[in-house]
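The residues making up each chain are set out below.
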Amino acid sequence: SLSSRHCPWKMNQLPPKSAVASPVSESTNSRLEALDNLSMDSFWLEVENIKQSAEAEQEECSLADVKTQEEGEAEAEWLQDAGLSELLGEPAVDNEQLVLLSTLTRTQAAAVQRRLDTYSRSRRRRNKHPVRDVRDIFGVGSSQDTAAEKEESSPDPLWHNLRTSNGQRKTQDYSCTVRNPGKEEVFNMDVAYSEQAAVLLKGSFLSESRKLKDGNALTRFKIPKGRLGVTRIGDLSAQDMKKIPTLALIELTALCDILGFELKRNKAAKLKTTEKRLFGVPLNTLLENDQKLLPNTKVPLLLQALLSCLEKRGLETEGILRVSGSQTRIKSLEQKLERDFYSGLFRWDEVHQNDVSGLLKRFIRELPAPLLTAEYLPAFAAVQNIPDLKQRLQALNLLILILPESNRNTLKALLEFLSKVVAREKNNKMNLWNVSTVMAPNLFMHKGLPNKIPEGKEKQLAEGAADVVRMMIHYQDLLWTVSSFLVAQVRKLNESSSKRYQFCDKRIKNLLRKIHADKEKVEKNQGEPSKIVKVHASLLLKDSLEVHLNNATRVADVLRQFQKNLCQNGWNIVNTVNLLKCNNSTECTNLLLYEVGGNIGEHCLDPDTYLLDLYHINPHAEWIIKQNPSCPRMF
């Protein structure tokens, strides 16, 4: 993870280049080194600019790192964040936490057990009231318990970095060859990432060299669409999305355990109050104020205005984001924005684009808590330590899902803009790596987290931070996908939460077996070859639409059938044309099909979802056709 002395880097004192072995040819090596040296200058220049800005306001700036905690403290916080806090104390476990336990995979359950083991040992050392015996929950054998007792004097080997006597990690001997640069690979989201990693570690697999900085050579990943389609962030209801961060945290921890990497987290930051209305204001406060003016605002209005201004006039500007504006002008513009932004009197057309980009970076840095959150900033930084590219992306995908909704939406708006900058590379001379090196200090340095890094590690950590930003920009569509295995776990939570199980504490493991047995009975009743269902569209038609489902019926087929019925029923031709058009393109329908109720709150369905398969998984749901909220309304 990242940490820092207080912005120690001077442009005339760049840290020496570290010698890192690379499997690529000598000529490719020299090309990458030249690109590396050139592009990292942007990182150090940005650091220097941040430092000068902070010194002018007598503030400290630092790269974020995690503070050490006593044994058991981190595990207790983890169990609370994972929704399993009651396992720490009294024997009784409420139905909700019991249901959560019943949905876990083998590797996820092992991750929970590991935290309980470590916490239990720390409690016994302190002679406190004993925590629950994990054998009551997972049916752990006595041999494992004995082994845990023997290791009381040392931290759990999978929660902490696995190290030998000389300080090296006992991880798999990964290959350093480049993995299919520029080619397409499958990114499996049907099976839990930790389960995939457990299988891979039994054999051997290739990893991408972390020295590769050429965006054109990045591996392309394709998410294979299963019979239930792909679910994006935003397709699930707020009620169901609230369950995702807990599940993602457990899965991320399980993945790190399998790979032998420590998942570092900071304590939540205490936010200072400010008299300002825009800069240095907590993200949630900004959004609350903005929503009073414009309901349903998901990204701060100031950030929207900054990005809009840059998109209109700055995307073609050479060196945009890299070339710093005047610090004096930027400070003056900040004061004018504080005074005039909400009144609409601020004149964006009079502001130089480099000053606008300076304001954008300043807005991100001035947030009281980092955009990637104080708790998980070290985890984002530590992603660079995972050798395999696909597994780095799996970890990033889970971290994105763990972020609070306001942080995630704001980050997505920023990344979408950065992608547009990269797309204009021919004119603005800002390629993917340039943009990443400039933005990394603004995302990973924060004045509220002043910690130090080991001597000589600056370059390695700087490159790692830039590489994480590069991945977030380049793979953002993949990262903003909710894995099928997580959606399946949400369904299980919703199915089981309505059942009130009676249980005795000493028989929890038997109860978990009963829950799974109940699910298997339901699954055995599935498999009808065809079905006639009703699809509702109350805003458009009084009567529901009867649809005959077979193994080939997809969401797109139902929407086409519905559109055909609209025309046959003599609906106003103007409204029909408007309904089928979105952004003046007849290829983009203005209609969406939602799955509502049953074992899901509300789920916007992928057009390629096979509906008979979905019916078998959720037979009690209603299917409702609605207008696309991103398209202009007709009513």
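Residues numbered from 1 in each chain as written. Predicted model: local features only at pLDDT ≥ 70, side-chain atom pairs only at ≥ 80, totals over all residues. Heavy atoms only, no water.

**A few points about the overall build of the protein chain**
Helices and strands together make up the secondary structure of the protein chain, namely 25 helices and 9 strands. Evaluated residue by residue, the protein chain yields a buried proportion of 52% over its 635 residues. By sequence separation, contacts in the protein chain at least 24 residues apart represent 80% of the contacts at least 6 residues apart. Here the protein chain has roughly 29500 Å² of accessible surface; of this, 49% comes from carbon and sulfur atoms. (Helix = DSSP H or I, 4+ residues; strand = E, 2+ residues; numbered from the N terminus. Buried < 20%, exposed > 50% of the residue type's maximum accessible area, 1.4 Å probe, protein only. Contact = heavy atoms within 4.5 Å. Areas by Shrake-Rupley, 256 points an atom, 1.4 Å probe, with all protein chains shown as cover.)

**Some words on the pattern of salt bridges**
Following the criterion strictly, the structure yields 26 salt bridges and no others. In this structure, Arg106 engages Glu195 in a salt bridge whose closest nitrogen and oxygen atoms are separated by 3.4 Å. Placement of Arg106 in helix H4 (residues 106-125) and of Glu195 in helix H7 (residues 193-200) is noted, with a sequence separation of 89 residues between them. Overall, the relative accessible area of 57% leaves Arg106 in the exposed class. With its nearest N and O atoms 2.6 Å apart, the salt bridge here joins Asp608 to Arg554. You can see Asp608 sitting in the loop between strand E8 (600-604) and helix H25 (611-617) and its partner Arg554 sitting in the loop between strand E6 (545-549) and helix H23 (555-568), a full 54 residues away along the chain. Judged by its relative accessible area of 26%, Asp608 is partly exposed. Linked through salt bridges whose partners overlap, the residues forming this network are Lys225, Arg554, Asp557, Arg560, Asp606 and Asp608. (Salt bridge = Lys/Arg side-chain N within 4 Å of Asp/Glu carboxyl O.)

**Thoughts on the packing of helix H13 (residues 353-366) against helix H18 (residues 432-444)**
Closest axis-to-axis distance for the H13/H18 pair is 8 Å, and the angle between their directions is 30°. Between H13 and H18, the interaxial angle falls into the category roughly parallel. Contacts between H13 and H18 involve Lys361, Ile364 and Arg365 from the first element and Val438, Met439, Asn442 and Leu443 from the second. (Axes fitted to C-alpha atoms, helices over the stretch in contact; angles between N-to-C directions. Parallel < 35°, antiparallel > 145°, perpendicular 65-115°, else oblique.)

**A short note on the sheet that holds E8**
Read across the open sheet, the 5 strands follow the order E6-E5-E9-E7-E8; overall the sheet is mixed. Of all strands in the sheet, those with a lone pairing partner are E6 and E8, marking the two edges. Each strand axis lies, on average, 30° off the axis of its neighbour in the sheet, ignoring direction. Here strand E5 (residues 531-536) runs beside E6; their pairing, made up of 5 bridges, is antiparallel. Paired with Val535 across the two strands is Leu545, which belongs to E6. Where helix H21 (residues 484-497) meets the sheet, it contacts strand E7 (591-597) and E8, and its direction lies at approximately 150° from that of E8. (Pairing = 2+ DSSP bridges.)

**A closer look at the nonpolar core**
Ranked by size, the top nonpolar core spans 129 residues in total, and within it Val112, Leu321, Phe380, Phe444 and Met472 carry the most contacts. Core analysis: the next-biggest nonpolar cluster, separate from the first, contains 21 residues, Ala537, Phe562, Leu605 and Leu611 among them. (Core = buried A, V, L, I, M, F, W, Y, C linked by side-chain atoms within 4.5 Å.)

**Notes on helix H2 (residues 73-81)**
Along H2, the positions that sit buried rather than exposed are Ala74, Glu75, Ala76, Trp78 and Leu79. Summarising the contacts, the buried residues of H2 are in contact with H4 and helix H9 (244-259). After H2 finishes, the residue Gly83 shows a positive phi value of roughly 75°.

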